[in-house]
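Chains, contacts and geometry: an overview
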Amino acid sequence: MSWITARRRHPAAGYAVVLLGLIAIGIIYAAITTQGGAASAAAPPASRQETAEGQALFAQTCATCHGMYAQGTSTGPSLIGVGAAAVDFQVSTGRMPAAEIGAEMARKPPRFDTKQTHQLAAYIASLAGGPAIPAPEQVSTAGANVGLGQQLFVTNCAQCHNFVGAGGDLTYGKYAPPLTASTPTQIYEAMQTGPEAMPVFNDTTITPSQKRDIVAYVTETRSSPNPGGFSLGRVGPVTEGLVAWLGGMAALVAAAWWIAAKRREQA
């Protein structure tokens, strides 16, 4: 005991305690994040053949902008570390390959089929890892909490995508695309990778289970009825009233104009 007491009074004892505390916190955090990563396990790893075919396809269609080794050029960003999920999202939604340099990143019919898209994703993932394509069970809406998904969507997504995923304009000429045509996998991948102006929602910010809830809300909203009658693009809860008010004002102005014109003719 006297030995411990003597060491405890040493000037460096306080620093040693702080260091041990930081090490313990680091170990606990690593254990938690490792468990989270295991819970969000994605599709099985790609084969060497799939990766090789993806590399050949990349050299033919993508290397002009992104470089032969995906290192990036003056016309295209580096793809090293973006992960398979980012490639699958961009290619499956038709945003990539771009029709021309500097073209708008809008959704269009995809150029490659699912097999080719996964080949490209496998090659990019082989360079430096990154978010993987989610497995089917990760994006399945079976048993998901739609109510919680609505709360999460309103808190994190509605400011840009609108309350029902109809999309909308942003600042500096950017826009949030509508989610009406997005598959559950694409919605999940967008949260993982943060395409264009969208922020990345990693598994610490929004857990995999919560991502499934958001996917369930977005997909269910598409088939939900419109209590107000006409949807008018479903861009908000007051669109019908606004259109009715504008139409009424236009009718009143037209009527006043017609009455004034009649009186001038009689005079």
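Residues numbered from 1 in each chain as written. Predicted model: local features only at pLDDT ≥ 70, side-chain atom pairs only at ≥ 80, totals over all residues. Heavy atoms only, no water.

Some remarks on helix α5 (residues 83-92)
Among the ten residues that make up α5, nine are buried, leaving the element largely enclosed by the rest of the structure. Among all positions in α5, only Gly-83, Ala-84, Ala-85, Ala-86, Val-87, Asp-88, Phe-89, Gln-90 and Val-91 are buried. The inward-facing, buried residues of α5 abut α6 (114-128) and α10 (184-193). Trailing α5 by a residue or two, Gly-94 shows a phi angle of about 80°, which is positive. (Buried < 20%, exposed > 50% of the residue type's maximum accessible area, 1.4 Å probe, protein only. Helix = DSSP H or I, 4+ residues; strand = E, 2+ residues; numbered from the N terminus. Contact = heavy atoms within 4.5 Å.)

Description of the packing of helix α8 (residues 146-156) against helix α11 (residues 208-223)
At their nearest, the axes of α8 and α11 sit 7 Å apart, and the two run at 95° to each other. If you check the angle between α8 and α11, you find them roughly perpendicular. Contacts from Val-146, Leu-148, Gly-149, Gln-150, Leu-152 and Phe-153 in α8 reach Gln-210, Asp-213, Ile-214, Ala-216, Tyr-217, Val-218 and Glu-220 in α11. When its residues are assigned to classes, the contact of α8 with α11 shows eight nonpolar, three polar and two charged. (Axes fitted to C-alpha atoms, helices over the stretch in contact; angles between N-to-C directions. Parallel < 35°, antiparallel > 145°, perpendicular 65-115°, else oblique. Nonpolar A, V, L, I, M, F, W, Y, C, P; charged D, E, K, R; others polar.)

A short note on a nonpolar patch on the surface
On the surface, a nonpolar cluster with roughly 540 Å² of combined accessible area is contributed by Leu-242, Trp-245, Leu-246, Met-249 and Leu-252. Residue position: Leu-246 is located in helix α12 (residues 239-266). Leu-246 gets classed as partly exposed once you look at its relative accessible area, which sits at 45%. (Patch = residues over 30% accessible without salt bridge, like charges linked within 9 Å, V, L, I, M, F, W, Y side chains within 5 Å. Areas by Shrake-Rupley, 256 points an atom, 1.4 Å probe, with all protein chains shown as cover. Salt bridge = Lys/Arg side-chain N within 4 Å of Asp/Glu carboxyl O.)

A look at unusual backbone geometry
For the bond running from Met-96 to Pro-97, omega is -5°, close enough to zero to count as cis. As for its placement among the helices and strands, Pro-97 is situated in the loop between α5 and α6. Non-glycine residue Glu-196 carries a positive phi angle of around 50°. With respect to the secondary-structure elements, Glu-196 resides in the loop between α10 and α11.

What about the side chain of Glu-189?
Here Glu-189 shows up in helix α10. For the buried Glu-189, no salt bridge is present, and the opposite-charge side chain at shortest range is Arg-107, 9.1 Å distant. Residue contacts for Glu-189: discarding those within four places in its chain leaves Ala-85, Asp-88, Phe-89, Ile-133, Pro-134 and Gly-194. (Lys, Arg positive; Asp, Glu negative; His and termini not counted.)

Section: the side chain of Gln-90
With respect to the secondary-structure elements, Gln-90 resides in helix α5. Using a relative accessible area of 15% as the deciding quantity, one classes Gln-90 as buried. The residues contacting Gln-90, other than those within four sequence positions of it, are Arg-95, Met-96, Met-105, Pro-195 and Glu-196.

Regarding the confidence of the model for the protein chain
Detail in the predicted coordinates should be disregarded across regions flagged by low pLDDT. Looking at the protein chain as a whole, its pLDDT mean stands at 81, while 76% of the residues score no less than 70. The low-confidence segment residues 32-41 (pLDDT under 50) makes five contacts with residues lying over four places distant or belonging to another chain. (pLDDT = per-residue confidence, 0-100.)

Considering the packing of aromatic side chains
As enumerated under the stated definition, the model contains two aromatic pairs in all. For the ring pair Phe-153 and Tyr-217, a centre distance of 5.4 Å and an interplane angle of 50° mean the geometry is tilted. Pair noted here: Phe-153 is in helix α8 and Tyr-217 is in helix α11, with a separation of 64 residues, a long-range link. Each member of the pair Phe-153 and Tyr-217 is classed as buried. (Phe/Tyr/Trp six-rings, centres within 6.5 Å; stacked < 30°, edge-to-face > 60°.)

Quick notes on the nonpolar core
Grouped together as the largest cluster of nonpolar side chains are 15 residues, with contacts concentrated most on Phe-58, Val-87, Leu-120 and Ile-124. Setting aside residues up to four positions removed in sequence, Ile-124 forms contacts with Phe-58, Ala-70, Leu-79, Val-82, Gly-83, Val-87 and Gly-129. (Core = buried A, V, L, I, M, F, W, Y, C linked by side-chain atoms within 4.5 Å.)

Observations regarding the environment of Gly-130
Inspection of the secondary structure puts Gly-130 in the loop between α6 and α7 (136-139). Taking the C-alpha atoms as reference, Gly-130 lies 8.6 Å from Ile-80; in sequence the two are 50 residues apart.

Quick notes on the pattern of salt bridges
Following the criterion strictly, the structure yields two salt bridges and no others. Arg-95 is the salt-bridge partner of Glu-196, the closest N and O atoms lying 3.7 Å from each other. Of this pair, Glu-196 sits in the loop between α10 and α11 while Arg-95 sits in the loop between α5 and α6, and the two are 101 residues apart along the sequence.

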